[in-house]
Amino acid sequence: MSVSLLRPNSPARKVLAELRHGARTVEQISTTLRLTPNAVRNQLRKLQDAALAIRCGARPGASKPSALYAITLEGQIQFSTLYLPVLTHFLRVAEGKCSGTQLESFMTETGKSLASRYPRPTGGVKDRIHSAARLLKSFGGITEVQTHNGLTTIRSLGCPLSALTAENAAVCNVLEGFLEQYLSTPVRICCSRDQEPKCCFEVRTQGYAKSAK
C-alpha cells in the first residue's frame, strides 16, 4: 500500500472513512463528501487495488442497480491507534512470564507463521535473498544486500519493528524466523540496537544453493 494513499485529509482516506459507516454507493459518497462521482470512482479503484475496500453487491436504482462498496478488515486497521500499545504491553507481560529462550522461540515461530502468508520466492538462494530484501523494504526498511566469503548479509538502515525492538530485543527473532521460512535457509541475527536500530541478518549461501520447492 502506498503511504501517500491514506495520508491525513487525502481523498482516498476520506472515502475509506465514509465506508466505515457501512456499505455505500458512489452516489452516496459523492453527495456526503461533495466530490464528483468520477473522483469517488478513482479513489475507490485505488482503495480496491490496495485491498482496503471491496465491491460488495448492488442497490436497486431508478434505472439500473448501483454498485455497493465496503471497507475491508485491512482498511479498518488503518484507523486504529491501539495495535502498537497493545502489542507493546503484551510483550512486557510475556517477558515477565517467559524465560529469554522461550520468548525468543515464540517470536521466531511467530515470524515463520507470518511468512506463510507470502508467496515463496523462486530461483536460487541469491535470487531469493534479493526477493526477501525487497519484501523487507516494503515493510518499511531501507535494505541492501552484501556478500563476502560465502556469507550474504541483508542490512537495513531502519527497522520496521523499531517501536518494539527498542524495548525487547527478542522481537528481532520475528524477522529472523520470517526470513528463514521465506528463504528456506538458515538466518542469523546481527542487528544493531542502539538509538537508531538497524536490521542485519546473515544468510549462509554456501551449501544452500538449491531452489525453493
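Residues numbered from 1 in each chain as written. Predicted model: local features only at pLDDT ≥ 70, side-chain atom pairs only at ≥ 80, totals over all residues. Heavy atoms only, no water.

Asks: Can you tell me about unusual backbone geometry, naming the residues and giving the values?
Replies: Most peptide bonds are trans, and most residues other than glycine sit at a negative phi. Phi at Asn9 is positive, roughly 70°, even though this residue is not glycine. By the element assignment, Asn9 lies in the segment before helix H1 (11-19). Take Asn9: its relative accessible area is 64%, and that puts it in the exposed class. You will see that Ala51, though not glycine, has its phi angle at about 60°, which is positive. Counting through the fold element by element, Ala51 comes out in the loop between helix H3 (37-49) and strand E2 (53-59). (Helix = DSSP H or I, 4+ residues; strand = E, 2+ residues; numbered from the N terminus. Buried < 20%, exposed > 50% of the residue type's maximum accessible area, 1.4 Å probe, protein only.)

Asks: How would you explain the nonpolar core if you had to name every residue and give the values?
Replies: In this structure, Ile154, Leu179, Leu183 and Phe201 are the most contacted members of the largest nonpolar core, which totals 21 residues. Among the secondary structure elements, those contributing two or more residues to this core are helix H7 (125-138), helix H9 (172-183), strand E6 (187-189) and strand E7 (199-204). Once residues lying within four places of it in the same chain are set aside, the contact partners of Ile154 are Ile129, Ala132, Ala133, Leu136, Glu144, Cys199, Cys200, Phe201 and Val203. (Core = buried A, V, L, I, M, F, W, Y, C linked by side-chain atoms within 4.5 Å. Contact = heavy atoms within 4.5 Å.)

Asks: Please set out the pairing of strand E3 (residues 66-71) residue by residue, giving values where relevant.
Replies: In terms of burial, E3 is a largely internal element, five of the six residues being buried. Relative to E3, strand E1 (residues 24-25) is paired through two bridges, and the arrangement is antiparallel. The residue of E3 that forms the bridge with Thr25 is Leu68. In this structure, the hairpin formed by E2 and E3 is closed by a connection of six residues. (Pairing = 2+ DSSP bridges.)

Asks: Please provide a residue-by-residue account of the environment of Cys56, values included.
Replies: Examined against the element boundaries, Cys56 turns out to sit in strand E2. Between the alpha carbons of Cys56 and Arg24 there is a distance of 9.5 Å; along the sequence they are 32 residues apart. With residues up to four places along the chain from it excluded, the contact list for Cys56 reads Ala23, Leu68, Tyr69 and Ala70.

Asks: Could you give an account of the state of the cysteines, with specific residues and numbers?
Replies: Here a disulfide denotes one covalent bond, and it connects the sulfur atoms of two cysteines. This model, assessed by the stated rule, comprises one disulfide. For Cys190, the disulfide goes to Cys200, at an S-S distance of 2.0 Å. Residues Cys190 and Cys200 share a disulfide whose torsion about the S-S bond is about -75°; that sign makes it left-handed. Taken together, the residues span a long stretch of sequence, with Cys190 in the loop between E6 and E7 and Cys200 in strand E7 at a distance of 10 residues. Here Cys190 falls in the partly exposed class, since its relative accessible area comes to 24%. The closest cysteine sulfur to the non-disulfide-bonded Cys98 is located on Cys172, 17 Å from its own sulfur. Cys98 sits in the partly exposed class, given a relative accessible area of 32%. You can see Cys159 has no disulfide; the closest cysteine sulfur is in Cys199, sitting 3.8 Å from it. The class for Cys159 is buried, based on a relative accessible area of 14%. (Disulfide = S-S within 2.5 Å.)

Asks: Residues and numbers for the packing of H7 against H9, please.
Replies: H9 packs onto H7 with a crossing angle of 140° between their chain directions and a minimal axis gap of 10 Å. Our classification of the angle between H7 and H9 gives oblique. Crossing angle aside, the handedness with which H7 passes H9 is right-handed. Facing H7, whose interface residues are Arg128, Ile129, Ser131, Ala132, Leu135 and Leu136, H9 presents Leu175, Phe178, Leu179, Tyr182 and Leu183. (Axes fitted to C-alpha atoms, helices over the stretch in contact; angles between N-to-C directions. Parallel < 35°, antiparallel > 145°, perpendicular 65-115°, else oblique. Left-handed = near helix turned anticlockwise from the far one by under 90°.)

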